[in-house]
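Per-entry structural report
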Amino acid sequence: QASLKEMHEALNMGQGLAVIVRQGQGANVVEKFALAGQLAWVAGCVESTDRRRRLVTLVEEGITWTEAA
């Protein structure tokens, strides 16, 4: 049985479109989509680490990747 994290790594998991924006701009983009009648949400974030790597977090599921899947 695959974990939720493994399923997100291997499957689309219902994501139709991803928009990557600068930190702090997510709410503005969500608002613009809402004005256009589209459902949108801030799904996660990317953070730098002291090891020259990135952390990617899927907020709603509480899943964080420390390296590429």
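Everything that follows concerns the structure shown earlier in this document.
Here is a short report on the structure shown in this document. Residue numbering note: each chain is counted from 1, following its sequence as written. It should be noted that, the model being predicted, local features are given only for residues of pLDDT at least 70 and side-chain atom pairs only at 80 or more, the latter also being counted only at that level, while totals for whole chains, interfaces and linings use all residues. To get the side-chain values, all heavy atoms of the structure are used, and hydrogens and water are removed first.

In this section: the overall build of the chain. Within the chain, the regular secondary structure consists of 2 helices and 3 strands. Every helix listed is a DSSP run of H or I at least four residues long, and every strand listed is a run of E at least two residues long, numbered separately from the N terminus. For the chain, the sequential pattern of α-helices and β-strands runs α-α-β-β-β. Relative accessible area decides the class of each residue, using a 1.4 Å probe on protein chains only: under 20% of the type maximum gives buried, over 50% gives exposed, and in between gives partly exposed. Taken across its 69 residues, the chain has 7% of its residues classed as buried. Considering only contacts within the chain whose residues lie at least 6 apart along the sequence, 21% involve residues at least 24 apart. On the chain, roughly 6,000 Å² of surface is accessible, and the fraction owed to carbon and sulfur atoms is 52%. Any two residues having at least one pair of non-hydrogen atoms within 4.5 Å are treated as being in contact. All accessible-area figures derive from a Shrake-Rupley calculation using a 1.4 Å probe, and residue coverage is judged against the displayed protein chains alone.

In this section: the environment of Val30. With respect to the helices and strands, Val30 occurs in helix α2 (residues 26–35). Overall, the relative accessible area of 24% leaves Val30 in the partly exposed class. Along the chain, Val30 and Val19 lie 11 residues apart, while their C-alpha atoms are 10.0 Å from each other. Once you skip the residues sitting within four places of it in the chain, Val30 turns out to touch Ala40, Trp41 and Val42.

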